[in-house]
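Listed below, chain by chain, are the residues.
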Amino acid sequence: MKIGTNNNVDLTYCTNIHPGEEWDKVFANLKQYIPPLKARVAPGKSFGIGLRLAAVAARELLQPEALNQFQSWLTEQGLYVFTLNGFPYGKFHREVVKDQVYAPDWTQPERLEYTLQLTEILAALLPTDTEGSISTLPLSYKPWYEGNQLVQASVMDSASLQIAQVVAQMVHIRNQHRKLLHLDLEPEPDGLIENATEVVNYFQKHLLLVGGAYLVKHLGISQTLAEKYLLDHVRICYDTCHFAVEYENPISVFKQFQAAGIQIGKIQISAALQVNLSEDTAQRRLVEERLRPFAESTYLHQVIARESNNKLIHYPDLEKALPHLENTNACEWRIHFHVPIFIRDYDLLQSTQDDIAAVLKFLRNNHTCAHLEIETYTWEVLPQRMKLDLLASIQREYEWVQTKLLSKQLVTH
């Protein structure tokens, strides 16, 4: 739905919280959850959907009959699609995902084919007065390359060639249909690009050079125009959980990106777990006991520990970090676990909710990004005592975001 000063921001939640990879299951979930949610948070208003499509669902939805049926349902229900989650290629619920969420990565042709299909779908569904975003993985998974800088650079170059092909399609769509689409890379802990410095380095040393050369050759344009196209159509998906885990100040990141000409295409609103560690051993044991239910087997939950001198120590997953908790020199842990955003304290644990509040406060007076997407996808794997009714939980997340973002403003159509 449209909110914000001058009605300039689209707010939604990501439907990756609902299990189902095939299109019929995705559509069934949309029918079950979206209309009643719209009635609660945006009655009488157009309501945006943040659509997650696995590769199999994207192929099925591209069939003319399926796409026409979906478009008709959107119109009937007063709904619109403006953003797609193109990060997880395959299954995302009720089985071990872990590092396979990055497969196929941006070096593989399957990733390119899938993203081109998402681009075609979004171009068909997108309203003419709204830009469209597709979030995607941060190129690849850094631990696969064991710190080999030369191999990582090669992966970034290969990824840039494929991403440039998506940009070429988006340029064509913009020229032919007057619709602006962008692909939004989503940095996260242990991604091949995981923080602001690595993002800027990737754009300047790989994407603009390698991707620019591709567009110069295949579109017959100048390098200057090629770089403009890349900066228009490749942006960053700023996930507030991910950057909080990296201990990066959001406003500083925004300014760093702006100085490099890098745009933020989508902000995913999500909270990480935060733990302030005392030196008391008994207290640390209680914290370890409190954290253990979060060390579940479905997703990666990377941990970054901060020592008092601000040195950061990375752990690839919570289950591998926990044995170090009692004796670590760290004074704080931040954990990649998307907990509900409307809760700050979790009994000995906290969330990085303050980072979200800082972002939303900044957005009141700065049009940094047009797309906001609530992304708490861990409802199923939360410890039992934290689980609430799903529809009520999503509603509370919307209400919390609107309160923080709008202050005394009113939600508008």
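None of these values were measured; they are calculated from a predicted model. (Residues numbered from 1 in each chain as written. Predicted model: local features only at pLDDT ≥ 70, side-chain atom pairs only at ≥ 80, totals over all residues. Heavy atoms only, no water.)

S.K.: Quick one: what's the story with the overall build of the chain, residue by residue and with numbers?
M.R.: Check the secondary structure of the chain and you find 13 helices and 14 strands. Against the globule reference of 22 Å for 413 residues, the chain gives a C-alpha radius of gyration of 21 Å, in line with a compact fold. Each principal axis of the C-alpha distribution contributes one length, and for the chain these read about 65 × 50 × 40 Å. Classification of the 413 residues of the chain by burial places 60% in the buried group. Restricting to contacts in the chain with at least 6 residues of sequence separation, those with at least 24 account for 79%. As displayed, the chain has an accessible area near 16,400 Å², and 48% of this comes from carbon and sulfur atoms. One way to put it: in the chain the 38 positive side-chain charges average out to a point 5 Å from where the 48 negative ones average out. (Helix = DSSP H or I, 4+ residues; strand = E, 2+ residues; numbered from the N terminus. Rg over C-alpha atoms; globule rule 2.2 N^0.38 Å. Buried < 20%, exposed > 50% of the residue type's maximum accessible area, 1.4 Å probe, protein only. Contact = heavy atoms within 4.5 Å. Areas by Shrake-Rupley, 256 points an atom, 1.4 Å probe, with all protein chains shown as cover. Lys, Arg positive; Asp, Glu negative; His and termini not counted. Charge placed at Lys NZ, Arg CZ, Asp CG, Glu CD.)

S.K.: Describe the pattern of salt bridges, and please don't skip the residues or the numbers.
M.R.: Tallying each qualifying case throughout the model produces 15 salt bridges. In this structure, Glu194 engages Lys142 in a salt bridge whose closest nitrogen and oxygen atoms are separated by 2.8 Å. In this pair, Glu194 sits in the loop between β6 (181-185) and α6 (196-219) while Lys142 sits in the loop between β5 (132-136) and α5 (149-177), placing the two residues 52 residues apart along the sequence. The residues Glu194 and Lys142 share a single accessibility class, namely buried. Note that Glu332 and Arg306 form a salt bridge whose closest N and O atoms lie 2.9 Å from each other. Here Arg306 lies in strand β10 (residues 303-307) and Glu332 lies in strand β12 (residues 330-339), a separation of 26 residues in the sequence. With a relative accessible area of 4%, Glu332 lands in the buried category. It is possible to trace a salt-bridge network through shared partners that takes in Lys142, Glu194 and Glu198. (Salt bridge = Lys/Arg side-chain N within 4 Å of Asp/Glu carboxyl O.)

S.K.: Give a detailed account of the pairing of β10, specifying residues and quantitative values.
M.R.: Working note: regular strand, side chains alternate between the two faces of the sheet. Taken across its five residues, β10 has four buried, putting it largely inside the fold. Of the pairings in the sheet, the one linking β10 to strand β11 (residues 312-315) comprises four bridges and is antiparallel in character. Across the sheet, Val303 pairs through a bridge with Tyr315, a residue of β11. Summarising the sheet, β10 and β12 pair through five bridges and their orientation is antiparallel. Bridge pairing in β12 places Arg306 opposite Glu332. (Pairing = 2+ DSSP bridges.)

S.K.: Any details on the nonpolar core? Residues and values, ideally.
M.R.: The tendency in soluble globular proteins is for nonpolar side chains to be buried as a group. Judged by nonpolar contacts, the single largest core of 135 residues is most densely connected at Phe70 and Trp333. Looking at this core, the element that brings in the most residues is α5, giving eleven residues. Within the second largest apolar cluster, five residues are counted, among which are Cys241, Val245, Ala272 and Ile304. (Core = buried A, V, L, I, M, F, W, Y, C linked by side-chain atoms within 4.5 Å.)

S.K.: Which residues make up empty space enclosed by the protein, and what values do they have?
M.R.: Rolled over the atoms, a probe as big as a water molecule pinpoints where empty space is left. Applying the stated criterion across every chain yields a total of three cavities of 30 Å³ or more. A volume near 60 Å³ is recorded for the second largest cavity. Thr15, His18, Pro19, Gly20, Val26, Asn29, Leu30 and Arg52 together form the lining of the second largest cavity. Counting residues per element, the lining of the second largest cavity draws most heavily on helix α1 (residues 23-41), which supplies three residues. Broken down by class, the residue content of the lining of the second largest cavity amounts to three nonpolar, four polar and one charged. (1 Å grid on protein atoms, 1.4 Å probe; cavity = no way out; pocket = protein on both sides within 12 Å on 5 of 7 lines; lining within 4 Å. Points joined across faces, edges and corners; volume = space filled by probe spheres on them. Nonpolar A, V, L, I, M, F, W, Y, C, P; charged D, E, K, R; others polar.)

S.K.: Requested: an account of helix α7 (residues 223-233), with residues and values cited.
M.R.: When we look at burial in α7, the residues that qualify are Ala226, Tyr229, Leu230, Leu231, Asp232 and His233. Those residues of α7 that are buried are in contact with α5, β6, α6 and β7 (234-239).

S.K.: Explain the sheet that holds β12 to me, using residue names and the numbers behind them.
M.R.: Ordered by their spatial adjacency, five strands build an open sheet running β11-β10-β12-β9-β13, and the pairing between neighbours is antiparallel. Only two strands of the sheet have a single neighbouring strand rather than two, namely β11 and β13 (350-351).

S.K.: Give me the pairing of strand β2 (residues 9-13): which residues, what numbers.
M.R.: Counting buried residues in β2 gives five out of five residues, a clear majority hidden from the surface. Where burial is concerned, the two faces of β2 agree: the one with Val9, Leu11 and Tyr13 and the one with Asp10 and Thr12 are both buried. As paired elements, strand β1 (residues 2-3) and β2 share two bridges and run antiparallel to each other. Across the sheet, residue Lys2 finds its bridge partner in β2, namely Asp10. Note that β2 and strand β14 (residues 371-374) share four bridges and pair parallel. Residue pairing for β14: Asp10 is matched across the bridge by His371.

S.K.: I'd like a rundown of the packing of aromatic side chains, residues and numbers included.
M.R.: The tally for this structure, following the rule as stated, stands at 20 aromatic pairs. A ring pair is formed by Tyr238 and Phe254, whose centres lie 5.0 Å apart and whose planes are at 65°; its orientation type is edge-to-face. In this pair, Tyr238 is assigned in strand β7 and Phe254 in helix α9 (residues 250-259), connecting sequence segments 16 residues apart. Comparing Tyr238 with Phe254 shows no difference in burial state: the two are buried. Here the aromatic rings of Phe254 and Phe362 are separated by 5.5 Å at their centres, their planes lie at 45°, and the arrangement is tilted. Here Phe362 lies in helix α12 (residues 353-365) and Phe254 lies in helix α9, a separation of 108 residues in the sequence. Comparing Phe254 with Phe362 shows no difference in burial state: the two are buried. Taken together through their ring pairs, the aromatic side chains of Tyr238, Phe243, Phe254, Phe257 and Phe362 make up a single cluster. (Phe/Tyr/Trp six-rings, centres within 6.5 Å; stacked < 30°, edge-to-face > 60°.)

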